[in-house]
Amino acid sequence: MEEKWWKNSVVYQIYPRSFCDSNRDGIGDINGIRSKLWYLKELGIDIIWLSPVYPSPNADNGYDISDYYGISPEFGTLEDMKKLIQECENNDIHIMMDLVLNHTSDEHPWFLEAKSATDNPYREYYIWRKGDIDHVPNDMTSCFGGSAWEYSQQTGEYYLHFFHKKQPDLNWENKNVRAEIWKMINYWIDLGVKGFRLDVIDMIGKVPDLKIKENGPKLHEYLQEMNKKTFGNKDIVTVGECWGADTEIGKLYSSPERKELNMIFQFEQMQSDQIEGGEKWDLKPLDFIYLKNTFAKWQKELAECGWNSLFWNNHDLPRIVSRWGNDKKYRVESAKMLATVLHGMKGTPYIYQGEEIGMTNYPFSNIEDFADVEAINMYYERKQKGYSQESIMKSLCAKARDNARTPMQWDNSHEAGFTEGKPWYHVNPNYTKINVEMALKDKNSIFYYYQKLIKLRKQNTILVYGTFELLCAENKHIFAYARQWNEKKWLIICNFYEELTTFEYSGKGKIILSNYEQQEIILLEQIKLRPYEAIICEVIV
Ligand code: GLC
Ligand code: CA
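Now for a look at the structure at hand. (Residues numbered from 1 in each chain as written. Chains lettered and ligands numbered in written order. Predicted model: local features only at pLDDT ≥ 70, side-chain atom pairs only at ≥ 80, totals over all residues. Heavy atoms only, no water.)

**What about the pairing of strand S5 (residues 149–152)?**
Logical step 1: Relative to strand S6 (residues 157–160), S5 runs antiparallel, the two sharing four bridges. Bridge pairing in S6 links Ser152 to Glu157.
Logical step 2: The hairpin turn running from S5 into S6, its antiparallel successor, is four residues long, and Gly156 in that turn takes a positive phi close to 65°. (Pairing = 2+ DSSP bridges. Helix = DSSP H or I, 4+ residues; strand = E, 2+ residues; numbered from the N terminus.)

Structure, rendered in structure tokens:
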């Protein structure tokens with residue numbers, strides 16, 4: 001397998017709006033990020049994935065872009081951005097930009113032109129279908145609820161939007177659209193960014209008349225063209241967001257000889273607590289066996305061709321320590337355990353801001369607490385369908401994206417040190433107990449555990465390139481696997497639950513990292529694992 005710099009890198013995702021506010025307007029910004037580079041350097045990450053910072057009307061917090069070349073004034077200026085890129089490079093940190101290519105904002109100049117007349121040259125940049133006010137082109141739905149078609153008064157036709165109606169879908173069939181996009185990507189490459197995260201990229205090959213949303217027939221053709229015209233022969237890392245990918249599809253994207261992307265975010269294991277065939281709001285208890293098998297399947301299938309991305313969290317997912325850990329009594333132990341499970345595997349790990357200090361879900365109590373259009377739409381849609389208030393709130397508390405979007409908790413001063421003004425969104429009231437300042441003062445903090453995991457990856461080829469083998473697949477409490485590289489074998493042994501449990505293996509293990517105090521050498525014959533105990537050890541004879 002070819003060695004690449006991004007294979008032993010760790011990525012840190014910043015959601016700029018909620019990271020750090022430098023000018024008291026309550027909105028995180030680029031200069032706020034610049035002021036915290038020392039912190040990211042201390043953590044040891046290599047790449048910052050920056051959620052969108054482009055001008056946007058914010059119907060979907062920046063994922064509705066009105067100018068691909070600029071910086072939103074609320075985040076700063078292009079000069080600030082250039083400084084950020086330069087200062088990051090000085091610290092050996094690369095910037096990964098978020099590319100939202102499936103749709104633009106309805107306030108993007110292309111769309112303003114397109115909607116003005118059926119014969120406008122920009123009309124074909126988007127997807128229009130005939131219909132009248134009572135006849136929608138078809139029954140496709142938006143990911144945020146309701147129809148995927150919006151009637152446009154000016155020309156009496158419908159346009160397609162797989163997300164908010166303020167996010168019209170681009171028509172990738174149109175070669176001018178593609179040319180515009182290549183030009184824009186190259187502009188950012190010239191500015192010095194070293195990576196791209198491609199938002200809902202599996203939707204660009206859509207065929208609305210056949211109701212094909214994801215994985216359309218021309219998807220991979222487009223990606224190969226993109227690769228050739230933009231980042232292909234440059235030393236740039238790419239990751240595509242692909243909700244609809246299984247392992248076969250995953251290989252198509254990430255096999256190097258196909259020249260598409262380096263890796264994808266696939267979400268199969270993130271559906272381990274969702275009723276099959278249902279929506280993300282349809283909760284079920286975590287199916288732990290499914291979770292392990294799904295991770296193992298991806299590890300195995302992409303072992304020889306392609307590459308995995310490893311993540312528990314992002315700005316669309318609830319906080320992992322609240323989701324599958326224990327955010328009360330065992331917050332610290334379980335956060336470290338979850339980190340061990342993930343960072344022990346083969347692939348490029350992603351950390352979402354605040355994960356490294358064990359930030360938790362927000363204690364929502366009513367619909368007014370939410371800011372996200374997805375949550376608000378779901379609430380009213382389910383109300384109308386007759387769901388009880390209790391069941392709706394339960395789903396929202398568990399899964400709402402706002403859980404991840406509360407401001408970063410820096411210290412226990414005013415608004416968690418995120419802003420000196422009034423934050424755009426609620427700070428989690430637990431900031432007095434969970435914050436960066438406290439984490440940095442405590443040598444046993446989750447922060448320092450992440451720091452160690454990152455360092456381990458840098459110093460040990462086995463973690464980057466070693467093979468993966470799932471152990472005790474049927475065990476209902478333990479997530480364990482072996483990594484092997486030449487003669488070396490490491491075991492990653494994690495108790496995923498609070499109950500005590502026993503792990504058995506033959507031989508001895510030399511402790512490399514654990515979230516509990518350990519003897520230097522342990523007998524593997526019978527390890528009694530304590531609540532959420534996690535061990536990385538080298539097998540010795
Ligand atoms: C992706 C983003 C999400 C956004 C959607 C539409 O899933 O991660 O935040 O709402 O695409 O752009
Ligand atoms: Ca600000």
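Past the structure itself, the notes keep going.
**Remarks on the site of ligand 1**
Logical step 1: Taken together, 14 residues are adjacent to ligand 1, and Asp60, Asp199, Glu241, His315 and Asp316 come closest.
Logical step 2: In this structure, Arg197 approaches ligand 1 through a side-chain N or O atom, which is 3.0 Å from an oxygen atom.
Logical step 3: Asp316 is positioned with one of its side-chain polar atoms (N or O) 2.5 Å from an oxygen atom of ligand 1.
Logical step 4: About the coverage of ligand 1: the protein hides 97% of its 310 Å² of free accessible area.
Logical step 5: Residues of the shell around ligand 1, tallied by class, amount to four nonpolar, three polar and seven charged. (Near = heavy atom within 4 Å. Polar contact = N/O pair within 3.5 Å; in protein donor to acceptor, adjacent residues only side chain to side chain. Areas by Shrake-Rupley, 256 points an atom, 1.4 Å probe, with all protein chains shown as cover. Nonpolar A, V, L, I, M, F, W, Y, C, P; charged D, E, K, R; others polar.)

**Quick look at the sheet that holds strand S12 (residues 467–471)**
Logical step 1: Strand order in the open sheet formed by six strands is S12-S13-S14-S19-S16-S17, and the pairing between neighbours is antiparallel. Since the sheet does not close on itself, it has two edges, and those belong to S12 and strand S17 (521–523), each with one partner. Strand-to-strand, the axes of this sheet are offset by a mean angle of 30°, without reference to chain direction.
Logical step 2: Contacts between helix H15 (residues 446–459) and the sheet are confined to strand S14 (488–495), strand S16 (508–514) and strand S19 (534–540), with S16 contributing the most and set at about 120° to the helix. (Axes fitted to C-alpha atoms, helices over the stretch in contact; angles between N-to-C directions. Contact = heavy atoms within 4.5 Å.)

**A look at the packing of helix H11 (residues 373–384) against helix H12 (residues 389–399)**
Logical step 1: With their axes 10 Å apart at the nearest point, H11 and H12 run at an angle of 155° to one another. On the basis of their axis angle, the class for H11 and H12 is roughly antiparallel. Between H11 and H12 the crossing geometry is right-handed. Residues Ala375, Met378, Tyr379, Arg382 and Lys383 of H11 touch H12, and the partners they reach there are Gln389, Ile392, Ser395 and Leu396.
Logical step 2: Looking at the contact of H11 with H12 residue by residue, the class counts come to five nonpolar, two polar and two charged. (Parallel < 35°, antiparallel > 145°, perpendicular 65-115°, else oblique. Left-handed = near helix turned anticlockwise from the far one by under 90°.)

**Considering the coordination of the calcium ion (ligand 2)**
Logical step 1: For the calcium ion (ligand 2), the full set of protein donor atoms is Asp21 (OD), Asn23 (OD1), Asp25 (OD), Ile27 (O) and Asp29 (OD), and the range of their distances to it is 2.2 to 2.3 Å.
Logical step 2: Sequence spacing of the donors to the calcium ion (ligand 2): D-x1-N-x1-D-x1-I-x1-D.
Logical step 3: Judged by relative accessible area, which is 8%, Asp21 ranks as buried. (Donors = N, O, S within 2.8 Å, 3.2 Å for Na, K, Ca; no water. Buried < 20%, exposed > 50% of the residue type's maximum accessible area, 1.4 Å probe, protein only.)

**Topic: helix H10 (residues 331–343)**
Logical step 1: Here H10 is 13 residues long and its end C-alpha atoms lie 18 Å apart, about the 18 Å a rise of 1.5 Å per residue gives.
Logical step 2: In terms of burial, H10 is a largely internal element, 11 of the 13 residues being buried.
Logical step 3: Listing the buried residues of H10 in full gives Arg331, Ser334, Ala335, Lys336, Met337, Leu338, Ala339, Thr340, Val341, Leu342 and His343. (Expected span 1.5 Å × (residues − 1).)

**Thoughts on the side chain of Thr406**
Logical step 1: Considering the arrangement of structural elements, one finds Thr406 in the loop between helix H13 (402–405) and helix H14 (436–441).
Logical step 2: When neighbours within four sequence positions are excluded, Thr406 is seen to be in contact with Ser18, Met359, Tyr362, Tyr425, His426 and Asn428.

**Thoughts on the pattern of salt bridges**
Logical step 1: Counting across every chain of the model gives 36 salt bridges.
Logical step 2: Ionic pairing is found between Asp60 and Arg401, a salt bridge with its closest N-O pair at 3.1 Å. You can see Asp60 sitting in the loop between strand S2 (47–50) and helix H3 (78–90) and its partner Arg401 sitting in the loop between H12 and H13, a full 341 residues away along the chain. For the pair Asp60 and Arg401, one class covers both residues: buried.
Logical step 3: Of the charged contacts, one joins Asp169 and Lys206 as a salt bridge, the two residues approaching to 2.7 Å between their closest N and O atoms. Residue Asp169 is located in the loop between S6 and helix H5 (175–190), and its partner Lys206 is located in the loop between strand S7 (195–198) and helix H6 (219–229); the two are separated by 37 residues in the primary sequence.
Logical step 4: The exposure class assigned to Lys206 is buried, which follows from its relative accessible area of 6%.
Logical step 5: Each of the salt bridges in this network shares a partner with another, and the network as a whole consists of Asp60, Lys280, Asp316, Asp372, Glu374, Arg401 and Arg405. (Salt bridge = Lys/Arg side-chain N within 4 Å of Asp/Glu carboxyl O.)

**A closer look at the environment of Asn495**
Logical step 1: Considering the arrangement of structural elements, one finds Asn495 in strand S14.
Logical step 2: Considering only alpha carbons, one finds Asn495 and Ile14, 481 residues apart in sequence, at a separation of 30 Å.
Logical step 3: Aside from chain neighbours lying at most four places away, what touches Asn495 is Met337, His477, Leu500, Thr501, Leu529, Arg530, Pro531, Tyr532 and Glu533.
Logical step 4: There is a polar contact of 3.0 Å between the side chain of Asn495 and the backbone nitrogen of Tyr497.

**Regarding the nonpolar core**
Logical step 1: Ranked by internal contacts, the top residues of the largest apolar core, which has 131 residues, are Met81, Ile185, Phe196 and Trp312.
Logical step 2: When residues of this core are assigned to their parent elements, the largest contribution, eight residues, is made by H15.
Logical step 3: Aside from chain neighbours lying at most four places away, what touches Phe196 is Met96, Met97, Leu99, Ile185, Trp188, Ile189, Phe231, Ile236, Val237, Thr238 and Val239. (Core = buried A, V, L, I, M, F, W, Y, C linked by side-chain atoms within 4.5 Å.)

**A look at the packing of aromatic side chains**
The description of an aromatic ring pair uses the distance of the two centres, along with the angle that the planes make with each other.
Logical step 1: Following the criterion strictly, the structure yields 47 aromatic pairs and no others.
Logical step 2: Judged by centre distance (5.2 Å) and plane angle (80°), the ring pair of Phe265 and Phe311 falls under edge-to-face. Here Phe265 is found in strand S9 (residues 263–266), whereas its partner Phe311 is found in the loop between strand S10 (309–310) and helix H9 (320–323), with 46 residues between them in sequence. Of the two residues, Phe265 and Phe311, both sit in the buried class.
Logical step 3: Through successive ring pairs, a cluster of aromatic residues spans Phe288, Phe295, Trp312, Trp324, Phe468, Phe479, Tyr481, Phe496 and Tyr497.
Logical step 4: Directly above the aromatic system of Trp410 lies the positively charged group of Lys36, at a separation of 4.1 Å from the ring centroid.
Logical step 5: Its guanidinium or amino end placed over the ring of Trp128, Arg123 lies 3.6 Å from that ring's centre, counting from NZ or CZ. (Phe/Tyr/Trp six-rings, centres within 6.5 Å; stacked < 30°, edge-to-face > 60°. Lys NZ or Arg CZ within 6 Å of the ring centre and 35° of its normal.)

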